[in-house]
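# Structural overview for review
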Amino acid sequence: DTGVSQDPRHKITKRGQNVTFRCDPISEHNRLYWYRQTLGQGPEFLTYFQNEAQLEKSRLLSDRFSAERPKGSFSTLEIQRTEQGDSAMYLCASSLDARGPYEQYFGPGTRLTVT
Amino acid sequence: ELKVEQNPLFLSMQEGKNYTIYCNYSTTSDRLYWYRQDPGKSLESLFVLLSNGAVKQEGRLMASLDTKARLSTLHITAAVHDLSATYFCAVDDLSGTYKYIFGTGTRLKVLA
């Protein structure tokens with residue numbers, strides 16, 4: 001296992017711009033999660049995929065946010081018309097049903113700064 | 001709604017001392033996770049506790065789970081500076097998605 005990877009690691013953007021983040025889960029992991037962590041807080045759940053199906057979205061995920069997981073492999077999280085309140089660390093995690101669906105492995109995160 | 005609370009939120013301790021971080025959660029669950037996070041970094045898994053009475057130890061850290069009391073503890077023995085970090089507990093919500101609900105975090109500073 002090479003671990004969960006995320007790209008980019010850091011992103012600085014101006015308010016109103018669109019940004020897209022990518023997450024590559026551990027190979028063959030069928031479950032994929034996105035979390036958001038603001039400064040001084042614990043991570044908060046954003047959305048969950050089982051294979052390619054997006055099965056749950058948090059109310060934190062406004063209409064400006066969209067996530068996909070085509071073919072059940074990598075996932076993307078797009079934020080449109082970014083706002084300063086979107087500045088946070090975006091964490092991706094994956095897990096595998098066959099090894100216990102509950103143990104999640106986290107990626108290094110993408111830190112977004114909106115100026 | 002599942003809630004997870006940790007205390008203390010901040011902890012400053014001397015090297016060599018012992019201390020315990022508490023994690024309380026609001027609904028039944030028999031799975032609890034502890035993570036460490038260094039500033040600007042992602043989450044490092046410390047312990048996975050999967051049943052009532054589970055106890056795990058790694059180095060100077062020991063975690064336990066009491067599902068009846070809805071309480072987990074992370075005990076630090078003879079703290080060293082390298083343990084300075086923020087520690088989070090998390091519970092999965094048993095909904096089938098197994099999404100994590102994280103605690104507020106405990107920021108630990110070990111003073112030399």
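Residues numbered from 1 in each chain as written. Chains lettered and ligands numbered in written order. Predicted model: local features only at pLDDT ≥ 70, side-chain atom pairs only at ≥ 80, totals over all residues. Heavy atoms only, no water.

### Comments concerning the state of the cysteines
With the rule as written, the count across this model stands at two disulfides over all chains. For Cys-23 of chain A, the disulfide goes to Cys-92 of chain A, at an S-S distance of 1.8 Å. Looking along the S-S bond of the Cys-23 of chain A-Cys-92 of chain A disulfide, the torsion reads about -65°, which is the left-handed sense. One end of the pair, Cys-23 of chain A, is in strand β3 (residues 19-24); the other, Cys-92 of chain A, is in strand β9 (residues 88-95), and 69 residues separate them in sequence. On the basis of relative accessibility, which here comes to 0%, the residue Cys-23 of chain A falls in the buried class. Residue classification places Cys-92 of chain A among the buried positions, given a relative accessible area of 0%. At a sulfur-sulfur separation of 2.0 Å, the disulfide partner of Cys-23 of chain B is Cys-89 of chain B. Taking the torsion about the sulfur-sulfur bond, which here is approximately 85°, the covalent link between Cys-23 of chain B and Cys-89 of chain B counts as right-handed. In this pair, Cys-23 of chain B sits in strand β3 (residues 19-25) while Cys-89 of chain B sits in strand β9 (residues 85-92), placing the two residues 66 residues apart along the sequence. Judged on exposure class, the residue Cys-23 of chain B and its partner Cys-89 of chain B are both buried. (Disulfide = S-S within 2.5 Å. Helix = DSSP H or I, 4+ residues; strand = E, 2+ residues; numbered from the N terminus. Buried < 20%, exposed > 50% of the residue type's maximum accessible area, 1.4 Å probe, protein only.)

### Thoughts on the sheet that holds β3 of chain B
All names here are of chain B. Ordered by their spatial adjacency, five strands build an open sheet running β1-β3-β8-β7-β6, and the pairing between neighbours is antiparallel. Edge positions in the sheet fall to β1 (4-7) and β6 (55-58), since each has one partner strand and no second. Across the sheet, the axes of successive neighbouring strands diverge by a mean angle of 15°, strand direction being ignored. Taken together, the six bridges between strand β7 (residues 61-66) and strand β8 (residues 71-76) define a ladder with antiparallel strand orientation. The residue of β8 that forms the bridge with Ser-64 is Thr-73. (Pairing = 2+ DSSP bridges. Axes fitted to C-alpha atoms, helices over the stretch in contact; angles between N-to-C directions.)

### Here we look at the interface of chain A and chain B
Taken together, the 22 residues of chain A in the interface contact 23 residues of chain B. Both faces considered, chain A and chain B share a buried interface measuring about 1,700 Å² in area, 57% of it formed by carbon and sulfur atoms. When the area that chain A buries against chain B is broken down by residue, the three leading residues are Pro-43, Tyr-102 and Phe-106 of chain A, summing to 31%. Ionic pairing is found between Lys-99 of chain B and Glu-56 of chain A, a salt bridge with its closest N-O pair at 2.7 Å. Along the contact surface separating chain A from chain B lie ten residue pairs in polar contact (both at pLDDT 80 or more). At the level of elements, β4 (31-37), β5 (44-50) and β9 of chain A are the ones that each hand at least two residues to the side of chain A that touches chain B. Element by element, the count of residues in the side of chain A that touches chain B is highest for β4 of chain A, at four residues. Across the side of chain A that touches chain B, the residue classes break down as eleven nonpolar, six polar and five charged. (Contact = heavy atoms within 4.5 Å. Buried area = accessible area lost by both parts, 1.4 Å probe. Salt bridge = Lys/Arg side-chain N within 4 Å of Asp/Glu carboxyl O. Polar contact = N/O pair within 3.5 Å; in protein donor to acceptor, adjacent residues only side chain to side chain. Nonpolar A, V, L, I, M, F, W, Y, C, P; charged D, E, K, R; others polar.)

### Some remarks on the pattern of salt bridges
For the coordinates displayed, the defined rule picks out seven salt bridges over all chains. Notably, a salt bridge pairs Arg-22 of chain A with Asp-24 of chain A, separated by 2.7 Å at the nearest N-O pair. According to the relative accessible area criterion, Arg-22 of chain A is partly exposed, its value standing at 33%. According to the relative accessible area criterion, Asp-24 of chain A is partly exposed, its value standing at 26%. A salt bridge links Arg-36 of chain B to Asp-38 of chain B, with the shortest nitrogen-to-oxygen separation between them at 3.0 Å. For Arg-36 of chain B, a relative accessible area of 14% corresponds to the buried category. Overall, Asp-38 of chain B belongs to the partly exposed group, its relative accessible area being 26%. Within this structure, Glu-56 of chain A together with Asp-93 and Lys-99 of chain B form a network of salt bridges that share partners.

### As for the nonpolar core
Here is a general trend for soluble globular proteins: nonpolar side chains tend to be buried in one another's company. The biggest cluster of nonpolar side chains holds 25 residues, and the ones touching the most others in it are Leu-32, Trp-34, Leu-74, Ile-76, Tyr-87 and Leu-108 of chain B. Elements that contribute at least two residues to this core include exactly β2 (10-14), β3, β4 (32-37), β5 (43-49), β7, β8, β9 and β11 (106-111) of chain B. Among the elements that make up this core, the one with the highest residue count is β9 of chain B (four residues). Grouped together as the second largest cluster of nonpolar side chains are 19 residues, Leu-46, Leu-77, Ile-79 and Ala-88 of chain A included. (Core = buried A, V, L, I, M, F, W, Y, C linked by side-chain atoms within 4.5 Å.)

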